[in-house]
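Chain residues, written in single-letter form:
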Amino acid sequence: MKLAVDLHSHSGYAGGVGQIELTEVSRTMKLKGIDVFGSGDCIFPPRTEELKHELKEVESGLFALPGDKSKFLLQTEVILTTKLAHKKNKTIAHHIILFPDFESIYKMQALMNKWGMKNTIGRPFITSNYQKELEDQLFEIHNIHSLLEIIPAHVMTPDGIFGSKNNLDELSEFYGSFLPNIKAIETGLSADPKMLEKIPDLAELTFISNSDCHSAALNRIGREFTILEVDQVSYKSIIQAIRQNQVNMTAEFNPAEGKYYLTGHRSNRKGHSSEIIFSNKIPQDLICPVCNKKMNLGVRERTIQLQDNSIIPTTRKYMHLIPLIEVLAASQNLKSITSNKVRRIFDIIMNIFPSEIALWQSDSIQVMLDKRVPQKTINQILAVQQGDFVFQPPGFDGIYGNLIIGDYK
Ligand SMILES: [Zn+2]
Ligand SMILES: [Zn+2]
């Protein structure tokens, strides 16, 4: 059976946003069609207690609010840092950890304690002084439970394992003998399977896609997601599907929308009166010709560096997607997704289709929506479904790409 999962999120404890109610998350999950959602920040003690207090275990390893259908899986993100002998700077890489039960979370907290790691923020650091120490930490976490899963997060972004700051050539430089336990990676918002599957170290791994959202908004939850093929709805089946690459499809940002896609500097940086973006001929030393400061190498360029073109692409199925609410706003020439007009159209569509995912997978959108929503809106939904949209300019230096649907040619 197919299961739509979004396994990386953050709570209010990760900073940037206020508290996010699980009831609100559940409501958005249903509208989007997400069956199982990663709780976010589950090892941060106040969050652990909140989750334990509010959720009941409904299937083995999956949790829900009382009387509610939306399912949660216990998940956190951690930042692993170490000092590799052959690298000048520290190597820093974000990771998702999935937990089968609260018992395992308490064991994780005990490990953090033993190592003297501060567990005082939603996304904690686990630091080590050299690679072997990191490797030992990874094994200790892994050994907490046979169904605990450690997954490199948004691998190509500056904070990801293969990001430009780390500048690693191979995963083994970081993971050492732990590497065989890495079965999957998260593609992240700035990369898609097509870009990643030609990287030798990633070619054989499972690719999953998650929203990494910090809000319950309709354009955040499920902005990227994965449809897994599972035997049953349980934590164990989800982990097995991830380990055995039973992915039906992933829904991805168009990489050009991602905030780190191209190399450049945004206009509001010191010394800049306008932005500078390189789509090719990137300065070798990465020094910005305007402000003379160093730029982060964009994900596109970094991916090209790592690719081996002799690798034959597999048949990973994925689609580029824009959240429906953003498509509706764009079709009405409105910037805000919270406009009443946009929300009204959204509600009409949600009365016709069971969820947003069901809409995107439908081949009768025109018939179903005909005369019930503006034809221009239907045209734009169809254009997005067919991948007929671009981002001009693409994302760079922390700024999302600018969406243009359909009529950009
Ligand atoms: Zn992260
Ligand atoms: Zn600059």
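The structure presented is a predicted model; accordingly, all values stated were derived computationally and were not measured.

### Some words on the coordination of the zinc ion (ligand 1)
Thought 1: Summarising the metal site, the zinc ion (ligand 1) is bound by the protein donors E77 (OE), H94 (ND1) and H154 (NE2), whose distances to it range over 2.0 to 2.3 Å.
Thought 2: Read in sequence order, the donor residues for the zinc ion (ligand 1) give the motif E-x16-H-x59-H. Here H94 lies in strand 6 (residues 91-99) and E77 lies in strand 5 (residues 71-82), a separation of 17 residues in the sequence. With respect to burial, E77 and H94 carry one shared label: buried.

### Brief notes about the coordination of the zinc ion (ligand 2)
Thought 1: Within the protein, H265 (ND1), H272 (NE2), C288 (SG) and C291 (SG) serve as the donor atoms for the zinc ion (ligand 2), at 2.0 to 2.3 Å.
Thought 2: Around the zinc ion (ligand 2), the four donor atoms are arranged such that angles at the metal cover 103 to 122°; this shape is classified as tetrahedral.
Thought 3: Taken in sequence order, the residues that donate to the zinc ion (ligand 2) follow the motif H-x6-H-x15-C-x2-C. With H272 in the loop between strand 13 (263-265) and strand 14 (276-278) and C291 in the loop between strand 14 and helix 8 (299-306), this pair connects stretches of sequence that are 19 residues apart.
Thought 4: On the accessibility criterion, C291 (17% relative accessible area) is buried.

### A look at the state of the cysteines
Thought 1: Applying the stated criterion to the full structure yields zero disulfides.
Thought 2: Among the cysteines around C42, which has no disulfide bond, C213 carries the closest sulfur, lying 15 Å off.
Thought 3: The exposure class of C42 is buried, given its relative accessible area of 0%.

### Section: the domain arrangement of the protein chain
Thought 1: By domain assignment, the protein chain separates into domain 1 (2-257), domain 2 (263-295) and domain 3 (325-392).
Thought 2: Here the C-alpha centre of domain 3 lies 30 Å away from the C-alpha centre of domain 1.
Thought 3: Facing the 15 residues of domain 1 at the interface are 13 residues of domain 3.
Thought 4: The largest contributions to the domain 1 side of the interface with domain 3 come from L31, K32 and L218, which together make up 43% of the buried area.
Thought 5: For the pair domain 1 and domain 3, the number of links is one salt bridge.
Thought 6: The shortest N-O distance in the salt bridge between E356 and K32 comes to 2.9 Å.
Thought 7: Inspection of the domain 1/domain 3 interface yields four residue pairs in polar contact (both at pLDDT 80 or more).
Thought 8: Among the elements that take part in the side of domain 1 that touches domain 3, helix 1 (residues 22-32) stands out by supplying three residues, more than any other.
Thought 9: Residue composition of the side of domain 1 that touches domain 3, by class: eight nonpolar, three polar and four charged.

### Overview of the nonpolar core
Nonpolar side chains tend to gather and get buried jointly when the protein is soluble and globular.
Thought 1: With 96 residues, the main nonpolar core has L202, I349, L369 and I381 as its most contacted residues.
Thought 2: If you count residues domain by domain, this core takes at least three from each of domain 1 (2-257) and domain 3 (325-392).
Thought 3: The contacts of L202, once residues within four sequence positions are left out, are V155, F162, L171, I185, L196, F207 and R316.
Thought 4: Formed by 20 residues, the second largest nonpolar core is a distinct cluster that contains L7, V36, V230 and A241.

Cut-off values and rules
- Residues numbered from 1 in each chain as written.
- Chains lettered and ligands numbered in written order.
- Predicted model: local features only at pLDDT ≥ 70, side-chain atom pairs only at ≥ 80, totals over all residues.
- Heavy atoms only, no water.
- Donors = N, O, S within 2.8 Å, 3.2 Å for Na, K, Ca; no water.
- Helix = DSSP H or I, 4+ residues; strand = E, 2+ residues; numbered from the N terminus.
- Buried < 20%, exposed > 50% of the residue type's maximum accessible area, 1.4 Å probe, protein only.
- Tetrahedral: all angles 85-135°; square planar, octahedral: opposite > 155°, others 65-115°.
- Disulfide = S-S within 2.5 Å.
- Domains from an automatic or database assignment.
- Contact = heavy atoms within 4.5 Å.
- Buried area = accessible area lost by both parts, 1.4 Å probe.
- Salt bridge = Lys/Arg side-chain N within 4 Å of Asp/Glu carboxyl O.
- Polar contact = N/O pair within 3.5 Å; in protein donor to acceptor, adjacent residues only side chain to side chain.
- Nonpolar A, V, L, I, M, F, W, Y, C, P; charged D, E, K, R; others polar.
- Core = buried A, V, L, I, M, F, W, Y, C linked by side-chain atoms within 4.5 Å.

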